[in-house]
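Architecture at a glance
If you want the building blocks of each chain, they are given just below.
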Amino acid sequence: MKERMEAHPEAVIEVRDLRRSFGSIAVVKGVSFTVDAGEVFGLLGPNGAGKTTIVKMLTTLLPPDGGEAKVCGYDVHRQAGRVRQCIGYVPQALSVDGSLTGYENLLIFAKILGLKKSEREHRIRELLAFMELADAAPRLVRQYSGGMVRRLEIAQAMLHEPRVLFLDEPTVGLDPVARKGVWERLLDLQQKYRMAIFLTTHYMEEAEAVCRRVGILDRGEMVVAGTPARLKESMGDPAASLDEVFAHYTGNRLSTGGNYRELKQVRRLSRRLG
Ligand SMILES: Nc1ncnc2c1ncn2[C@@H]1O[C@H](COP(=O)(O)OP(=O)(O)OP(=O)(O)O)[C@@H](O)[C@H]1O
Ligand SMILES: [Mg+2]
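Rules used in this analysis
Numbers given for residues are sequential positions, taken from 1 along each chain in its written order. Here every chain gets a letter starting at A, and every ligand a number starting at 1, in the order they are written. In keeping with the model being predicted, local features are shown solely for residues with a pLDDT of at least 70 and side-chain atom pairs are shown and tallied solely at 80 or more, while totals for entire chains, interfaces and linings include all residues. Based on all heavy atoms of the structure, the side-chain values leave hydrogens and waters out of the count. Under the DSSP-based scheme used, a helix requires at least four consecutive residues in state H or I and a strand at least two consecutive residues in state E, with every element numbered from the N terminus. Buried, partly exposed and exposed residues are distinguished by accessible area as a fraction of the type maximum, computed with a 1.4 Å probe on protein chains only: under 20%, between the cut-offs, and over 50%, respectively. Any two residues whose heavy atoms approach within 4.5 Å are treated as being in contact. In this description, accessible areas are obtained by the Shrake-Rupley approach with a 1.4 Å probe, and a residue is regarded as covered only by the protein chains that are shown. A pair of strands is considered paired only if DSSP assigns at least 2 bridges between the two. Any two of the Phe, Tyr and Trp rings considered here, Trp counted by its six-membered ring, make a pair once their centres fall within 6.5 Å; the pair's planes then place it as stacked at under 30 degrees, edge-to-face at over 60, or tilted in between. Sites may look incomplete because water is not among the atoms; the donors themselves are N, O and S atoms within 2.8 Å of the metal, or within 3.2 Å for Na, K and Ca. Fitting a line to C-alpha atoms yields each axis, with helices limited to the stretch in contact; the angle taken between N-to-C directions then spans 0 to 180 degrees. Comment on the angle field: the value is read as roughly parallel under 35 degrees, roughly antiparallel over 145, roughly perpendicular from 65 to 115, and oblique elsewhere. Note: crossing handedness is left-handed where the near helix turns anticlockwise from the far helix by less than a right angle, and right-handed where it turns clockwise. When residues are sorted by character, Ala, Val, Leu, Ile, Met, Phe, Trp, Tyr, Cys and Pro go into the nonpolar class, Asp, Glu, Lys and Arg into the charged class, and all the rest, Gly among them, into the polar class. Here, two cysteine sulfur atoms that lie within 2.5 Å of each other are counted as a disulfide.

A count of helices and strands for the protein gives 10 helices and 10 strands. Taking all 274 residues of the protein together, the buried fraction comes to 52%. When contacts within the protein are restricted to residue pairs at least 6 apart in sequence, long-range pairs at least 24 apart make up 68% of them. For the protein, the accessible surface area stands at approximately 13200 Å², while carbon and sulfur atoms represent 51% of it.

So, on to the sheet that holds strand β1 (residues 11-22). Here four strands make up an open sheet; going across it, the order is β2-β1-β4-β5 and the pairing antiparallel. For this open sheet the edge positions go to β2 (25-36) and β5 (74-75), each flanked by a neighbour on one side alone. Across nine bridges, the pairing between β1 and β2 is antiparallel. Opposite Phe 22, over in β2, you have Ile 25 as the bridge partner.

This structure, assessed with the given rule, holds four aromatic pairs. On the numbers, 5.7 Å between centres and 15° between planes, the contact of Phe 41 with Phe 198 is stacked. Here Phe 41, found in strand β3 (residues 40-44), pairs with Phe 198, found in strand β8 (residues 196-200); they are 157 residues apart in sequence, far enough to count as distant. The class of Phe 41 is buried, set by a relative accessible area of 0%.

Within the protein, Thr 52 (OG1) and Gln 92 (OE1) serve as the donor atoms for the magnesium ion (ligand 2), at 2.0 to 2.4 Å. One end of the pair, Thr 52, is in helix α1 (residues 51-58); the other, Gln 92, is in the loop between β6 (87-90) and α3 (102-112), with 40 residues separating them in the sequence. Exposure remark for Gln 92: the relative accessible area of 8% places this residue in the buried category.

Turning our eyes to something else, we now look at the packing of α3 against helix α5 (residues 146-157). When two helices pack together, their arrangement is given by the angle between the helix axes and by the axis-to-axis distance. α5 packs onto α3 with a crossing angle of 25° between their chain directions and a minimal axis gap of 9 Å. Between α3 and α5, the angle is such that the two are roughly parallel. Crossing angle aside, the handedness with which α3 passes α5 is right-handed. Where α3 approaches α5, its residues Gly 102, Asn 105, Leu 106 and Phe 109 are matched on the opposing element by Leu 152, Ala 155 and Gln 156. Here the residues of the contact of α3 with α5 are counted per class, giving four nonpolar, three polar and no charged.

With that settled, the discussion passes to the state of the cysteines. As enumerated under the stated definition, the model contains one disulfide in all. The disulfide that involves Cys 72 links it to Cys 86, with 2.1 Å between the sulfurs. Taking the torsion about the S-S bond as the criterion, the Cys 72 to Cys 86 disulfide, at about 100°, is right-handed. Pair noted here: Cys 72 is in the loop between β4 (66-71) and β5 and Cys 86 is in helix α2 (residues 80-86), with a separation of 14 residues, a long-range link. Each member of the pair, Cys 72 as well as Cys 86, carries the same accessibility label: buried.

Have a look at this one:
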């Protein structure tokens, strides 16, 4: 009989032995970890390691084909509807419509999420102000800068006050000032709502600055997870940079550069954001 996952009272994400293949290729090979309420957790790993595949399974967009994953205590496969109510998701690809205004994008999403008419307006205005987009709200999104688009996407994912926010490469293609702006707003939101953030990133200094714990995924396996300080100790060099930790645990391999589909998505995104 299948063993039950142990209850972990503080955990908002509980993953055990999670697996996923595409055809005969195993992409996520028995990954286990937990993320606590209010924690910022960063999933790192080379192109093609399986990060987005994990995010898609945790956000109910892709069914796992082995193991178990719970978000907010609900099974991502059997209780997908419940999971969706308690999460926000900013995907790797663009998730707002450039031909609408910032306000209209949020309004459509608020309706999709089923926010009551009475609370919709207040919530949209509150988030626009919080993300410093109040002045830009009546403008078409295609005229926004990259940082503004990202802040709008985050506002969109926050409309229903999720307990867990998933961000797949939230700052890709942004300049350092825009990245800083996105993170300042995000971390304020995280504090305000005691929300957990699960992010993927290729920027090691960003991971070190914002994550309490990170996990390094390599070829579908979680090779190590813990606080950045703990990971440095584990490779015997407390003074190491996270870049060095990453290189150590992923075997200093040259990245395969992901696949065409992903590259195209990122490039298109960077171009539209840039
Ligand atoms: N729908 C799919 N069909 C077939 N293969 C897929 C599919 N989605 C992902 N893959 C493959 O699974 C592997 C992991 O992809 P994934 O997108 O999860 O990687 P990633 O860690 O997010 O990479 P990146 O850093 O480039 O975003 C890749 O080899 C990819 O080609
Ligand atoms: Mg990815």
